[in-house]
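Okay, here's what each chain looks like letter by letter:
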Amino acid sequence: MAEKITAEKFLNNLVETLADSVPRQKSVSFFEEETSSVTSKFNRLFGRQKPVHHLLGGGKSADVLLWRNKKISASVLSGATAIWVLFEWLNYHLLTLICFALVLGMLAQFVWTNASGLFSSNRSSYKVPRLVLPDEIFFSFGRSIGIEVNHALKFLQDVSCGGNLKQFLVIVASLWAAAVIGSWCNFLTVLYIGFVAAHTLPVLYERYEDQVDDFVYKILDQIQGHYRKLDAGLLSKIPKGKIKGKKHE
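Residues numbered from 1 in each chain as written. Predicted model: local features only at pLDDT ≥ 70, side-chain atom pairs only at ≥ 80, totals over all residues. Heavy atoms only, no water.

1. With respect to helix α9 (residues 187–207)
Item 1. Taking 1.5 Å of rise per residue, 21 residues should cover 30 Å, and α9 covers 30 Å from first to last C-alpha, within 8% of that figure.
Item 2. At A197, α9 shows its maximal bend, which comes to roughly 30 degrees.
Item 3. The complete set of buried residues in α9 reads T189, Y192, H199, P202, V203 and Y205.
Item 4. Contact partners of the buried residues in α9: α3 (52–55), α4 (60–65), α5 (70–89) and α10 (209–233). (Helix = DSSP H or I, 4+ residues; strand = E, 2+ residues; numbered from the N terminus. Expected span 1.5 Å × (residues − 1). Bend = angle between axes of the 7 residues up to and from the residue. Buried < 20%, exposed > 50% of the residue type's maximum accessible area, 1.4 Å probe, protein only. Contact = heavy atoms within 4.5 Å.)

2. Regarding the UniProt feature "transmembrane region" (unreviewed entry) in the protein chain
Item 1. As annotated in UniProt, the feature "transmembrane region" (unreviewed entry) corresponds to residues 94–112 and 168–198 in the numbering used here.
Item 2. Across residues 168–198 one finds 94% helix and 0% strand; the C-alpha atoms that close the span lie 26 Å apart. (UniProt positions renumbered as here; feature names shortened; annotations may be inferred.)

3. Observations concerning the packing of helix α7 (residues 135–162) against helix α8 (residues 165–184)
Item 1. At a minimum axis distance of 8 Å, the contact between α7 and α8 shows a crossing angle of 135 degrees. Comparing their axes, α8 and α7 come out oblique. Crossing angle aside, the handedness with which α7 passes α8 is left-handed. Where α7 abuts α8, its residues F155, L156, V159 and S160 lie against Q167, F168 and I171.
Item 2. Split by residue class, the contact of α7 with α8 holds five nonpolar, two polar and no charged. (Axes fitted to C-alpha atoms, helices over the stretch in contact; angles between N-to-C directions. Parallel < 35°, antiparallel > 145°, perpendicular 65-115°, else oblique. Left-handed = near helix turned anticlockwise from the far one by under 90°. Nonpolar A, V, L, I, M, F, W, Y, C, P; charged D, E, K, R; others polar.)

4. Observations concerning the pattern of salt bridges
Item 1. One pass over the full model with this rule turns up two salt bridges.
Item 2. Here E206 ties to R68 by a salt bridge, and the two come within 3.0 Å at their closest N and O atoms. One end of the pair, E206, is in helix α9; the other, R68, is in the loop between α4 and α5, with 138 residues separating them in the sequence.
Item 3. By relative accessible area, E206 is classed as partly exposed at 27%.
Item 4. Residue classification places R68 among the partly exposed residues on the basis of a relative accessible area of 43%.
Item 5. Taking the shortest distance from any N to any O, the salt bridge between D158 and K154 comes out at 3.1 Å. (Salt bridge = Lys/Arg side-chain N within 4 Å of Asp/Glu carboxyl O.)

5. Digging into the packing of aromatic side chains
Item 1. With the rule as written, the count across this model stands at two aromatic pairs.
Item 2. Measuring from centroid to centroid gives 5.8 Å for W84 and W89, while their planes differ by 55 degrees, and the two rings are tilted.
Item 3. Residue classification places W84 among the buried positions, given a relative accessible area of 16%.
Item 4. Taking the relative accessible area as the measure of exposure, W89 reaches 64% and is therefore exposed.
Item 5. Each ring, one from W84 and one from Y192, has its centre 4.8 Å from the other, and the planes form 5 degrees; the classification is stacked. Remark: Y192 occurs in helix α9 and W84 occurs in helix α5; sequence separation between them is 108 residues.
Item 6. You can call Y192 buried: its relative accessible area is 17%.
Item 7. Aromatic ring contacts, followed pair by pair, group W84, W89 and Y192 into a single cluster. (Phe/Tyr/Trp six-rings, centres within 6.5 Å; stacked < 30°, edge-to-face > 60°.)

6. Overview of the packing of α9 against α10
Item 1. Where α9 meets α10, the axes come as close as 5 Å, and the angle between the chain directions of the two elements is 100 degrees. By the criterion of interaxial angle, the relationship of α9 to α10 is roughly perpendicular. Contacts from Y205, E206 and R207 of α9 reach α10 at E209, V212 and D213.
Item 2. Taken together, the residues that form the contact of α9 with α10 break down as two nonpolar, no polar and four charged.

7. Here's the deal with a nonpolar patch on the surface
Item 1. Residues L131, L133, I137, F138 and F139 make up a contiguous nonpolar surface patch of about 600 Å² in total accessible area.
Item 2. Looking at the secondary structure, you find F138 in helix α7. (Patch = residues over 30% accessible without salt bridge, like charges linked within 9 Å, V, L, I, M, F, W, Y side chains within 5 Å. Areas by Shrake-Rupley, 256 points an atom, 1.4 Å probe, with all protein chains shown as cover.)

Right under this line is the structure:
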C-alpha cells in the first residue's frame with residue numbers, strides 16, 4: 001500500500017514538474033478567442049481588408065485624393081475652390097467665363113501672330129500653335145457617365161424590387177437627406193462640398209482609421225439596437241406579401 005501511495009505521489013510530482021516547465025498562457029474561452037481573432041481581422045469599416053489607396057483605385061486619382069503629391073492635390077483643390085468662388089461669391093455665369101476665356105485666347109494668338117511677323121523675316125512660314133482636343137476625350141467621358149448612370153439606375157431598381165425593407169428604407173432616407181441638403185444650397189455648392197469631402201475625408205480616415213472604425217461601429221451598434229426595437233414593435237407586424245405566380249393546370 002505504501003508503495004502504491006509512493007508511486008502515485010511520484011507520478012503527481014512528475015506531472016506538476018512538467019506543467020511548471022511549460023510556459024503558461026492566459027486561459028481564454030473558445031468563443032472569446034474566436035471573437036478576438038475575428039475582431040482583430042475584420043475590425044475595419046464595412047469589413048475592409050485592403051488599404052484605402054487600393055480601394056480608391058490605386059492609380060493617380062488615388063494619389064491625388066490621399067495627398068501623395070501635395071502640390072498636385074493642393075492645385076486641384078485650389079482650382080475647384082477658385083471656380084466655386086467665381087460662380088458663387090462673384091456671381092459669374094458659365095457663359096460669361098467661357099466668352100472671356102475665348103476672347104483672351106484670341107487676343108493672345110493675335111498678338112503672337114503679329115509680334116512674330118515683326119521679329120521674323122519669313123512671316124508666312126511661321127505658324128502659331130493650335131489647340132485641338134482629341135475626340136477620344138469626349139467619347140470616353142460620355143461613356144463613363146453613361147456607365148455610372150446605368151449602374152445607379154440598376155441599383156435603385158434592384159432595391160425597389162428586391163423586397164429588402166431595411167435596405168429600401170435606408171436608400172429612401174438617404175435620398176430624402178440629399179433632397180433636404182439640395183434645398184439649402186444649389187447644385188454647384190453640393191458638388192463643391194462633395195469634391196472637398198473627397199479630397200479630405202479619405203486622407204483623414206487613412207491617418208486615423210482605428211479611431212474612426214471604433215466610433216463608426218459604436219454608432220452602428222446603437223442604430224441596430226434602435227432598429228431591432230422598431231422591428232419588434234412595428235415592422236414585424238406588417239404583413240409581407242409573397243410574389244409568386246399561381247400554377248394553372
